[in-house]
Amino acid sequence: MLIRAEGLVYIYAPGTPLERVALRGVDLQLAQGERVGILGPTGSGKSSLVQLIAGLLRPTTGHVLLDGVPAHSRGAQAAAQRRRIGLAFQYPESQIFEQTVAREIAFGLRHQGLPERERDARACWALEMVGLDPDQMMERVPFTLSGGEMRRVALASVLAMRPDVLILDEPTAGLDPQGRRQLLGRILSWQAETGLTLVVISHDQEELARMAERVVVLVDGRIAADGSARQLLSDRALLQGAGLDVPCGVALLEALCQASWTVCTDRLLPQEAADEIAAAWELRRKPL
């Protein structure tokens, strides 16, 4: 699916004392199969943007096209295009409402008219994808789960729909480091296998470095930068200008540069930074 956002403006509570402008004329294009990260400080418009793309919010002005179809128009064609997009919200309680985990995951599948056997198979697959045991989870009441388990179930209900576009809003919040790595690894493997479009909102630059090839930086409702993840996530001036932290590995490599080490500073992941430092250390040890 080709997604085009053109001139998107979104205003919350317009004409009231609570009026707030979330987006200010955003133009964005997402191609089929891209892995895109959306980064920005709190209140920059990240969640508003993805909800507009998914058709959950209607723009104040501007429009979204899904394979050329206006996303917010009425009719079967627009509805069919919107159903190809799966959005997992940041807060799972905002989208969980069924009495059991099995019913929660199967809710959308029932509306698709899938037979019970197919619904059960997809629910089991989706739970395994997010690292939960179907035998132990299917009959659990969602609101008795921990925050991390609820987040996984909410994501499983989206994955079970097999969307062509998967949008994740802070997908690993509340998960331990091992759970984060496992979940991200499964999603990346599935994306590579299916060629789906993956959009990830995260405040964690290391997470975006693992998940995204391209990063869009939002500041005050506008796109401040759009480019390769490696380039933008190692750009100190850009990140600090947007009120964001520099990744720890980048900061360490920059400090070594200032200490006259010969290192590249665009190594975003911890292992990449460690390998870069090890290689530089070996060079420094060699006699002149």
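Chemist: Explanation requested: the pattern of salt bridges in the structure shown.
Modeler: Where charged atoms from two side chains of opposite charge approach closely, those side chains can pair. With the rule as written, the count across this model stands at 16 salt bridges. We note a salt bridge from Glu34 to Arg214, for which the minimum N-O separation is 2.9 Å. Taken as a pair, Glu34 in the loop between strand 2 (20–30) and strand 3 (35–39) and Arg214 in strand 9 (residues 214–219) lie far apart in primary sequence, 180 residues in all. When the shortest N-O distance is used, the salt bridge between Glu213 and Arg35 registers 3.5 Å. Note that Glu213 is positioned in the loop between helix 8 (205–211) and strand 9 and Arg35 in strand 3, a separation of 178 residues in sequence. Using a relative accessible area of 48% as the deciding quantity, one classes Glu213 as partly exposed. Three or more residues are tied together by salt bridges with common partners; here these are Glu34, Arg214 and Asp226.

Chemist: Even after reading the chapter, I still don't get the side chain of Asp169, so can you show me in this structure?
Modeler: Within the secondary structure, Asp169 sits in strand 7 (residues 165–169). Although buried, Asp169 forms no salt bridge, and the nearest oppositely charged side chain, Lys46, lies 7.0 Å from it. In this structure the side chain of Asp169 is engaged in a polar contact, spanning 2.8 Å, whose partner is the side chain of Ser47. Look past the residues within four positions of Asp169 in its chain and what remains in contact with it is Ser47, Ala88, Phe89, Gln90 and Ile201.

Chemist: Which parts of the structure should I look at to understand unusual backbone geometry?
Modeler: Backbone phi values are negative for most residues with the exception of glycine, while trans is the configuration of most peptide bonds. Its identity as a non-glycine residue notwithstanding, Glu170 has a phi of 50°, on the positive side. Among the structural elements, Glu170 can be located in the loop between strand 7 and helix 7 (177–194).

Chemist: Honestly, helix 4 (residues 116–129) in this entry has me stumped. Any pointers?
Modeler: Counting along an α-helix, one turn takes 3.6 residues, and residues three or four places apart therefore face a common direction. For helix 4, spanning 14 residues, the distance from its first C-alpha to its last is 20 Å, which sits close to the expected 20 Å at 1.5 Å a residue. By the burial criterion, the buried members of helix 4 are Arg119, Arg122, Ala123, Ala126, Leu127 and Met129. Summarising the axial view, the buried residues of helix 4 lie within an arc of 150°, below the 170-degree limit, and thus occupy one face. The secondary structure elements touched by the buried residues of helix 4 are helix 3 (101–111), helix 5 (134–137), helix 6 (147–159) and helix 7. The first or second residue beyond helix 4 is Gly131, which carries a positive phi of 85°.

Chemist: Is there a simple way to explain the side chain of Thr100 in this structure?
Modeler: Tracing the backbone shows Thr100 in the loop between strand 6 (85–88) and helix 3. Of the residues examined, Thr100 reaches a relative accessible area of 14% and is grouped as buried. Among the polar contacts made by the side chain of Thr100, one reaches the main-chain amide nitrogen of Arg103 at a distance of 3.1 Å. In this structure, Thr100 is in contact with Met138, Glu139, Arg140 and Pro142, ignoring residues within four places of it in sequence.

Chemist: For this particular structure, what's the right way to read the sheet that holds strand 9?
Modeler: Each strand in a sheet pairs with another by means of backbone hydrogen bonds, the pair being arranged parallel or else antiparallel. Across the sheet, 6 strands lie side by side as 6-7-8-3-9-10; this open sheet has mixed pairing. Every interior strand has two partners, whereas the edge strands, strand 6 and strand 10 (222–228), have only one. The average angle at which neighbouring strand axes cross in this sheet is 15°, direction not considered.

Chemist: Please explain the packing of aromatic side chains as it appears in this structure.
Modeler: Aromatic rings in a pair are described by how distant their centres are and how their planes are angled relative to each other. This model, assessed by the stated rule, comprises 4 aromatic pairs. A centroid spacing of 5.2 Å and a plane angle of 65° characterise the contact between Trp125 and Trp190, whose relative ring orientation is edge-to-face. Highlighted residues: Trp125 in helix 4 and Trp190 in helix 7, separated in sequence by 65 residues. Residue classification places Trp125 among the partly exposed residues on the basis of a relative accessible area of 21%. Between Trp261 and Trp281, the aromatic rings sit 6.1 Å apart at their centres with planes inclined by 20°, giving stacked as the arrangement. One end of the pair, Trp261, is in the loop between helix 11 (248–258) and helix 12 (270–285); the other, Trp281, is in helix 12, and 20 residues separate them in sequence. Exposure remark for Trp261: the relative accessible area of 17% places this residue in the buried category. For Trp281, a relative accessible area of 44% gives the class partly exposed. We note Arg162 situated over the ring of Trp125; from NZ or CZ to the ring centre the distance is 4.1 Å.

Chemist: When you look at the environment of Gln178 in this model, what are you seeing that I'm missing?
Modeler: Note that Gln178 resides in helix 7. In the structure, Gln178 is positioned 19 residues away from Leu159 in sequence and 21 Å away in space, judged by C-alpha atoms.

Chemist: I keep staring at the sheet that holds strand 1 (residues 3–12) and nothing clicks. Help me out?
Modeler: Spatially, 4 strands are ordered 2-1-4-5 in an open sheet, and the strand pairing comes out antiparallel. For this open sheet the edge positions go to strand 2 and strand 5 (69–70), each flanked by a neighbour on one side alone. Relative to strand 4 (residues 61–66), strand 1 runs antiparallel, the two being bridged by 5 bridges. Looking across to strand 4, one finds that Glu6 is bridged to His63. Across the face of the sheet, helix 1 (residues 46–53) comes into contact with strand 1, strand 2 and strand 4 while running at roughly 55° to strand 2.

Each value, and the rule that gives it
Residues numbered from 1 in each chain as written. Predicted model: local features only at pLDDT ≥ 70, side-chain atom pairs only at ≥ 80, totals over all residues. Heavy atoms only, no water. Salt bridge = Lys/Arg side-chain N within 4 Å of Asp/Glu carboxyl O. Helix = DSSP H or I, 4+ residues; strand = E, 2+ residues; numbered from the N terminus. Buried < 20%, exposed > 50% of the residue type's maximum accessible area, 1.4 Å probe, protein only. Lys, Arg positive; Asp, Glu negative; His and termini not counted. Polar contact = N/O pair within 3.5 Å; in protein donor to acceptor, adjacent residues only side chain to side chain. Contact = heavy atoms within 4.5 Å. Expected span 1.5 Å × (residues − 1). Arc of directions from axis to C-beta. Pairing = 2+ DSSP bridges. Axes fitted to C-alpha atoms, helices over the stretch in contact; angles between N-to-C directions. Phe/Tyr/Trp six-rings, centres within 6.5 Å; stacked < 30°, edge-to-face > 60°. Lys NZ or Arg CZ within 6 Å of the ring centre and 35° of its normal.

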